[in-house]
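Breakdown of the fold
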Amino acid sequence: MGSATTQALVASTATLAQAKDVTLDTAGELFTVARLVGESGQLSGALADPAAPEGLREKLVASVFAGTSSTTRQVVSIAVAQRWSDAEGLVAGIEELAIRAAAIAEPKSDIEGELFSFLRIIAANAELELALGGRLGDDDAKGALVEKLLGGKASAATLLIVSSLVRQPRGRRVRQLLNRAMKIVSAQGGRIVATVHTASPLSAAQRTRLGDALAGRYDGQVSINEVIDPTVVGGLRVQVADDVIDGSISARLADLRQKLAG
């Protein structure tokens, strides 16, 4: 992500945080805006053009997206007023705002946990991953499949996020889409995501102790996603972003073998 896009996203996110009446409808409209801008090279180019006369991009938003709510138009207008590294950065930025809006609209829903659970289902089912991520599949059919799978089993926010993302993959794999969405939801809630691989389920006390330890290490609230992995022999393997903490016996044995071989 370019520095211009990073700064533009910070400003746009701040606008969303201050906006009133952010609902799931707002999130849905933002996903639609991201899709329409992403599908039109002419529109995305015009909205991301830093050389455009002052106010022109905001006027274009007011004209093209007149049918959306005032909250959506306000957020998108501020977004296009920023300087983005490129048009793709703008589209990805609006999509992130949509995901954040869904999290804002349903703060009590366990969106991260539901996204993670669906991610694990996809990882274990190659046919489902192909159905949702295949390049030849119809995007609306993919969205309908998600709604069939998650309807009544996940929050409305999670259903909106997943169904919207599979409808507009822009060349990304399904697991990549879900991982990114999880990180954005966590960031919106001020949390850090830790994926814990363990041979057997953690007890409530173990999760609490681990969460406290990670919170102290990373200086923030930690959301734990648990993966049951039979290959982890004793101990845990914890991943936070690119940081891996491997305290499993299998890792220590592998390290010992490497030292003996060296």
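Data block above holds the structure.
An account of the accompanying structure is given in this report. (Residues numbered from 1 in each chain as written. Predicted model: local features only at pLDDT ≥ 70, side-chain atom pairs only at ≥ 80, totals over all residues. Heavy atoms only, no water.)

1. Section: the overall build of the chain
To keep it simple, the criterion reads: Numbering of helices and strands runs from the N terminus, with a helix taken as a DSSP run of H or I at least four residues long and a strand as a DSSP run of E at least two residues long. Accessibility here uses a 1.4 Å probe with only protein chains present; expressed as a share of the type maximum, an area under 20% marks a residue as buried, one over 50% as exposed, and anything in between as partly exposed. It only takes one pair of heavy atoms within 4.5 Å for two residues to be counted as in contact. Reported accessibility uses the Shrake-Rupley method at a 1.4 Å probe radius. Residues are deemed covered only where the shown protein chains occlude them. Charge counting follows a simple rule: Lys and Arg are positive, Asp and Glu are negative, and His as well as the terminal groups are ignored. A charge is said to be at NZ when it belongs to Lys, at CZ for Arg, at CG for Asp and at CD for Glu.
Assigned secondary structure in the chain consists of 13 helices and 4 strands. The C-alpha extent of the chain, read off along each of the three principal axes, is 65 × 40 × 35 Å. Across the 262 residues of the chain, 42% fall into the buried class. Counting only contacts in the chain whose residues sit at least 6 apart along the sequence, the fraction spanning at least 24 positions is 69%. For the chain, the exposed surface amounts to about 13600 Å²; the carbon and sulfur share of it is 53%. In the chain, 28 side chains carry a positive charge and 29 a negative one; their mean positions are 3 Å apart.

2. Describing the pairing of strand β2 (residues 221–228)
The cut-off we apply is this: A pair of strands is treated as paired once DSSP finds two or more bridges between them. By definition, the crossover connecting two strands over a helix is right-handed if that path, from the first strand to the second, turns clockwise as seen with the strands pointing away from the viewer.
Where strand β1 (residues 191–198) lies against β2, 8 bridges are found, and the strand directions are parallel. When the sheet's bridge partners are listed, V193 is paired in β2 with S223. For the segment spanning β1, helix α12 (residues 204–218) and β2, crossover handedness is right-handed.

3. Brief notes about the pattern of salt bridges
The cut-off we apply is this: In what follows, salt bridge is the name for a side-chain nitrogen of Lys or Arg lying within 4 Å of a carboxyl oxygen of Asp or Glu.
Applying the stated criterion to the full structure yields 16 salt bridges. With its nearest N and O atoms 3.3 Å apart, the salt bridge here joins E129 to R173. Pair noted here: E129 is in helix α8 (residues 126–133) and R173 is in the loop between α10 (156–167) and α11 (174–188), with a separation of 44 residues, a long-range link. E129 gets classed as buried once you look at its relative accessible area, which sits at 12%. Put simply, E88, E95, E96, R100, R170, R172 and R180 are held in one network by salt bridges that share partners.

4. Section: the nonpolar core
Condition: Side-chain atoms within 4.5 Å are what join buried Ala, Val, Leu, Ile, Met, Phe, Trp, Tyr and Cys residues into a set we call a nonpolar core.
Within the largest apolar cluster, 56 residues are counted, with the highest numbers of intra-cluster contacts made by L30, I99, L115, I161, V162 and L178. With 9 residues, the top contributor of residues to this core is helix α6 (residues 87–105). With residues up to four places along the chain from it excluded, the contact list for L30 reads T72, V75, V76, I94, L97, A98 and A101. Counting 9 residues, the second largest nonpolar core, distinct from the first, contains V196, L202, V222 and I224.

5. Some remarks on the sheet that holds strand β3 (residues 237–240)
Hydrogen bonds between backbone atoms are what pair the strands of a sheet, whose relative direction is either parallel or antiparallel. Stated precisely, the cut-off is as follows: Interaxial angle, 0 to 180 degrees, is taken between N-to-C directions of lines fitted to C-alpha atoms, where a helix line uses only the stretch in contact.
With respect to topology, 4 strands assemble into an open sheet ordered β2-β1-β3-β4, the strand pairing being mixed. Unpaired on one side and paired on the other, β2 and β4 (243–246) mark the two borders of the sheet. This sheet shows a mean twist of 20° between the axes of neighbouring strands, independent of strand direction. Contacting β1 and β2, α11 crosses the sheet at an angle of about 130° to β1. Lying over the sheet, α12 contacts β1, β2, β3 and β4, oriented at roughly 130° with respect to β2.

6. Notes on the side chain of R57
The residue R57 is located in helix α4 (residues 56–64) in this model. Buried charge R57 goes without a salt bridge, the closest partner of opposite sign being E58 at 5.1 Å. The contact partners of R57, leaving out residues within four places of it in the chain, are A46, L47, A48, D49, P50, A52, V80, A81 and Q82.

7. Overview of the environment of W84
Stated precisely, the cut-off is as follows: For this analysis, a polar contact is any N or O atom pair within 3.5 Å, provided that within protein one partner can donate a hydrogen and the other can accept it, and provided that sequence-adjacent residues contribute only side-chain to side-chain pairs.
Here W84 is to be found in the loop between α5 (70–81) and α6. Separated by 76 residues in the primary sequence, W84 and A8 have C-alpha atoms spaced 6.1 Å apart. Residue contacts for W84: discarding those within four places in its chain leaves A4, T5, A8, L9, S12, A79, G89, L90 and G93. Within the structure, W84 has its side chain in polar contact with the backbone oxygen of A79 (distance 2.6 Å).

8. A few points about α10
What counts here: To estimate how far a helix should reach, multiply one less than its number of residues by 1.5 Å.
With 12 residues, α10 should cover 16 Å at 1.5 Å per step; its first-to-last C-alpha distance of 16 Å lies within 8% of that length. Taken residue by residue, α10 has A157, T158, L160, I161, V162, S163, S164, L165 and V166 as its buried positions. Turning to α10, the residues buried within the fold contact α2 (24–39), α6, α7 (111–123), α8, α9 (139–150) and α11.

9. Quick word on α11
Over its 15 residues, α11 runs 21 Å from end to end, which matches the ideal 21 Å to within 8%, given 1.5 Å per residue. Along α11, the positions that sit buried rather than exposed are V174, L177, L178, A181, M182, I184, V185 and S186. Buried-residue contacts for α11 involve α6, α7, α8, α10, β1 and β2.

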